[in-house]
Structures are given as C-alpha cells and as structure tokens.
Amino acid sequence: MPRVLVTARSFRKMKGEHWRVLEKAGCEIVTPPGDNPLKEDELIALIGDVDAALVGVDQVTARVIQAGTRLKVISKHGVGVDNIDVPAATQAGVVVTGTPGANQVAVAELTVGLILALTRKIPYHDTVVKSGGWNRLMGTELAGKTVGIVGLGRIGKEVVLRLKGFRVQFLAYDVYQDSAFAAEHGVRFVSLDELLAESDIVTLHAVLTAESRHLVGDKELARMKRTACIVNTARGGLIDEEALYRALAEKRLAGAAIDAFAEEPPKNSPLLQLGDKIVCAPHLGAQTTETVLRMGLMAAENVVQVLSGARPAGVVNPQVYEQAPNSR
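These notes cover the structure that comes with them. Since the structure is predicted, the reported quantities are computational estimates derived from the model, not experimental observations.

## Structural notes on the overall build of the protein
For the protein, the count of helices and strands is 13 helices and 12 strands. Within the protein, buried positions represent 49% of all 328 residues. Put simply, of all contacts in the protein between residues at least 6 apart along the chain, 61% involve residues at least 24 apart. Seen as two clouds, the 37 positive and the 37 negative side-chain charges of the protein have centres 4 Å apart.

Take a look at the structure:
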C-alpha cells in the first residue's frame, strides 16, 4: 500500500473527489498535525517513509528530497513550483507535478477585483461607513486607461478577456509572445520599460525564477506614472517590496494591490502601514471552491498516475523520465 503525505491545507480541508481518487488507488494517507505550511525540518520528519508528497507552499528543499528515501513523486497542489527544488528532485529521480490551468479563472477574477478596489478605493470606503463615517475619496474610471500585463500566459489572457468590457487598452510583456491571441484581442507587445512607462495599471502574472526575482525594483518603479497602480497576484518575489514601499510612501506611485508577498504572512512588512495606498490579500488567488476542487483532483490524479508507472500531463521535470529510474 503506497503511503502519501498530504500537506496542502486547501486539499485537506475540502471534501470531494480528490480524496476518493487516492482512496480508490489504495493509498494510505498521512497528514501533519498542524495547519501551517511546513518548514524544511518539519517536512524531513514526515517524509522518510512515504512514496508520494502532495504539497502546498511547504519548503520542499534538497534536504527534504534526500530524506524521502522512498519518494517517487512530489505533487504540487497549485501551479507555481518555486517552493520545490526541482533540480534536486530531478537528480534524485523524483517526478515533480503541478496543476497547470487549474487556477487561471480564479486568479484572473481576483485581479480584476483588486484593480477595481484600487481605482475606486473600495476597502477604505467600506471601513469608513462601518465605523460611522461618510467621508469619500475620489476614484478613477477604468475606461480609456492602459493596462500593462507582465506575463501573457494562461492567467494574463484570462485577465484580458475580463477587462475588455471596460474599454481599456492593453500592453503586454512576455518572452513567449502569442501573436494570434494579441491580434484577436487588441493586445500590443512591448518592452518591459515601455509597458511600465505607458500603463495606468500594471498587473503581474509572470513565473518566479532566479531571473525574474525583483523584476520590478527601484529602477522599474521610477519609470511608472505617478498616477499608476501595480497589482501582484503572482509571486511576492517579483517585486522588491522595499522599493515598492518607498515609491508609495514618497507618492511616486498612486497605489498597489498585493495578494502575494515575499514573506507570508508579511508580519513586519512596512507595506501594511500605507493605509488606503495599498490593498492587501492573504494569497487567496486560488481560493475558490471550484479551483480548490479542480486542483485537488488534478494533484491526486498526478500522484496515482506516477505511482502506477504512467506519465501525468502535469509533469514539471519531464527529463526525469529520460534517466535511470529512482533506485533508492
């Protein structure tokens, strides 16, 4: 009977077909006692005798992978795998899988919501009215504005589809350019510098890699309009948060909406002290019933497929199939 360590919190909390997939495959399921993402040492203590790990944003480091002496697959309950040492897993012969496309609708809808929250200062007005006040701050309309999308992948495209009705212009920056989609939906590909300089709203949907870390820092923020806003529903590391704080505090940028922080939760971040200049969310981009069930089913199927010798569609490191099987 294969043993599967399930640490992903959303997977554990939601009932659905994803549990039945593991049970039908005869898996023995192991769960941690707490309700927080696991750090390296906590995972090491649990992973030694499991065949698969179904993880969330836990720290799956090289040490963790080496401690998993029976480990065959790390199934991410999500899309980004920057919390997993994929090269170490590949070297150890461990398959890494994700759930591509599972969260694109939810994240795109949240992005639009955050843009509206920023431009109409909705959180501020909600607080004012609930506290007995009636003060109003002036907002701005989206119509006629330019939206710059950094990363025109699955989620970026969904954002375009949802914002078209607001009669905005689109700019996009992406290394891989889908010219057919851009032509059909009125998106113009430009350099990152041009996008930052011309956009009224910049929204980030790029993958976090060593190259994209702090993609937006002091220099990039200085290119933006003083009236512009930036939204990040991707990964916290894409923005230099200290640089963002300075730009907002010094009124060189009008506002920001952040759903992904470099440290989560952001206990000591000065960004939290900026009042109505920033809208904050607790990394809830994928937190819809539909998305969690979709991701859970995909993540569970990835586990079962790898353990049964099949190659899942969500494999992140396909090169592992080209080397000798894991002999540990």
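## Observations concerning the pattern of salt bridges
Summed over the entire model, instances satisfying the criterion amount to 19 salt bridges. One salt bridge connects Arg 63 with Glu 40, and the closest N-O pair in it is separated by 2.7 Å. With Arg 63 in helix α4 (residues 62-67) and Glu 40 in helix α3 (residues 40-47), the pair connects residues that are 23 residues apart, well separated along the chain. Residue Arg 63 is classed as partly exposed on the basis of its relative accessible area of 46%. Across the pair Arg 70 and Asp 51 runs a salt bridge, and its minimum N-O distance is 2.7 Å. Highlighted residues: Arg 70 in the loop between α4 and β4 (73-76) and Asp 51 in the loop between α3 and β3 (52-55), separated in sequence by 19 residues. The network of salt bridges with common partners includes Arg 3, Glu 28 and Asp 49.

## With respect to the packing of aromatic side chains
Here a ring pair, both rings aromatic, is described through the centre-centre distance and the interplanar angle of the planes. Applying the stated criterion to the full structure yields 1 aromatic pair. Summarising the aromatic geometry, the rings of Phe 11 and Trp 19 are spaced 5.0 Å apart at their centres and angled 65° between planes, so their arrangement reads as edge-to-face. Taken as a pair, Phe 11 and Trp 19 share a single burial class, namely buried. Geometry around Phe 181 places Lys 157 over its ring, the cationic atom sitting 5.4 Å from the centre.

## So, the packing of helix α2 (residues 17-24) against helix α13 (residues 289-307)
Closest axis-to-axis distance for the α2/α13 pair is 8 Å, and the angle between their directions is 15°. Relative to α13, the element α2 lies roughly parallel. In this structure, α2 meets α13 at a crossing whose hand is right-handed. Two secondary-structure elements touch here, α2 through Glu 17, His 18, Val 21 and Leu 22 and α13 through Leu 293, Gly 296, Leu 297, Ala 300, Glu 301, Val 303 and Val 304. Per-class residue counts for the contact of α2 with α13 are 7 nonpolar, 2 polar and 2 charged.

## Observations concerning the environment of Gly 93
As for its placement among the helices and strands, Gly 93 is situated in the loop between α5 (86-91) and β5 (95-97). Along the sequence, Gly 93 and Asp 276 sit 183 residues apart, while their C-alpha atoms lie 49 Å from each other.

## Thoughts on the nonpolar core
If you look at the biggest cluster of nonpolar residues, it comprises 29 residues, and the most contacted ones within it are Val 202, Leu 204, Leu 221, Met 224, Ile 230, Leu 244 and Leu 253. Every element with two or more residues in this core is listed here: α10 (192-198), β9 (201-204), α12 (241-249) and β11 (255-258). What Leu 244 contacts, discounting residues up to four positions off in sequence, is Leu 221, Ile 230, Ile 239, Leu 253, Ala 256, Ile 258 and Leu 271. Grouped together as the second largest cluster of nonpolar side chains are 27 residues, Leu 114, Val 147, Ala 182 and Cys 229 included.

## A look at the state of the cysteines
Per the stated rule, a full pass over the model turns up 0 disulfides. For Cys 280, which is in no disulfide, the shortest distance to another cysteine sulfur is to Cys 229 and amounts to 13 Å. The partly exposed category is assigned to Cys 280, whose relative accessible area is 38%.

## Some details on the environment of Glu 290
Topologically, Glu 290 is positioned in helix α13. Taking the C-alpha atoms as reference, Glu 290 lies 8.8 Å from Asn 103; in sequence the two are 187 residues apart.

## Re the packing of helix α6 (residues 104-119) against helix α8 (residues 154-163)
Where α6 meets α8, the axes come as close as 8 Å, and the angle between the chain directions of the two elements is 50°. Our classification of the angle between α6 and α8 gives oblique. Crossing hand, α6 versus α8: right-handed. Seen from α6, the contacting residues are Gln 104, Val 105, Val 107, Ala 108, Glu 109, Thr 111, Val 112 and Ile 115; seen from α8, they are Arg 154, Ile 155, Glu 158, Val 159, Arg 162 and Leu 163. A class-by-class count of the residues in the contact of α6 with α8 yields 8 nonpolar, 2 polar and 4 charged.

## Observations regarding the sheet that holds strand β10 (residues 229-232)
Whether parallel or antiparallel, the strands of a sheet pair through hydrogen bonds between backbone atoms. In spatial order, the strands read β8-β7-β6-β9-β10-β11-β12; together these 7 strands make up an open sheet with parallel pairing. Of all the strands in the sheet, just β8 (187-189) and β12 (278-280) have a single pairing partner and so form its edges. Across the sheet, the axes of successive neighbouring strands diverge by a mean angle of 15°, strand direction being ignored. In this sheet, β12 lies alongside β11 in parallel orientation, the contact comprising 3 bridges. In the strand pairing of β12, Ile 258 is matched with Cys 280.

Quick notes on the rules
Residue indices begin from 1 for each chain and proceed along its sequence in written order. With the structure being a predicted model, the display of local features is reserved for residues of pLDDT at least 70 and the display and counting of side-chain atom pairs for 80 or more, all residues being used for whole-chain, interface and lining totals. Side-chain calculation: all heavy atoms of the structure are included, whereas hydrogens and water are not. Helix numbering and strand numbering both begin at the N terminus, where a helix is a DSSP run of H or I of at least 4 residues and a strand a DSSP run of E of at least 2. For every residue, the accessible area obtained with a 1.4 Å probe (protein chains only) is divided by the maximum for its type, and the residue is called buried under 20%, exposed over 50%, and partly exposed between those limits. The contact definition used throughout considers only heavy atoms, calling two residues in contact when any of these lie within 4.5 Å. In this tally, Lys and Arg are treated as positive and Asp and Glu as negative; His is ignored, and so are the chain termini. The atoms used to mark charge sites are NZ of Lys, CZ of Arg, CG of Asp and CD of Glu. Any Lys or Arg side-chain nitrogen found within 4 Å of a carboxyl oxygen on Asp or Glu counts as a salt bridge. Working definition: a ring pair exists when centres of Phe, Tyr or Trp rings (six-membered ring for Trp) sit within 6.5 Å. Plane angles under 30 degrees give stacked, over 60 give edge-to-face, the rest tilted. Any Lys NZ or Arg CZ found within 6 Å of a ring centre and within 35 degrees of that ring's normal is scored as a charge over the ring. Working convention: axes come from line fits to C-alpha atoms, limited for helices to the stretch in contact. Angles between N-to-C directions cover 0 to 180 degrees. Note on terminology: angles under 35 degrees are roughly parallel, angles over 145 are roughly antiparallel, angles of 65 to 115 are roughly perpendicular, and the others are oblique. When the near helix sits turned anticlockwise from the far one by under a right angle, the crossing is termed left-handed; a clockwise turn instead gives a right-handed crossing. Polarity classes work like this: nonpolar for Ala, Val, Leu, Ile, Met, Phe, Trp, Tyr, Cys and Pro, charged for Asp, Glu, Lys and Arg, and polar for all others, with Gly in that last group. The definition of a nonpolar core used throughout is a set of buried Ala, Val, Leu, Ile, Met, Phe, Trp, Tyr and Cys residues joined through side-chain atoms within 4.5 Å. Our working definition of a disulfide is a cysteine sulfur pair at a distance within 2.5 Å. Two strands qualify as a pair provided DSSP detects at least 2 bridges between them.

The values are spatial; any link to function lies outside them.
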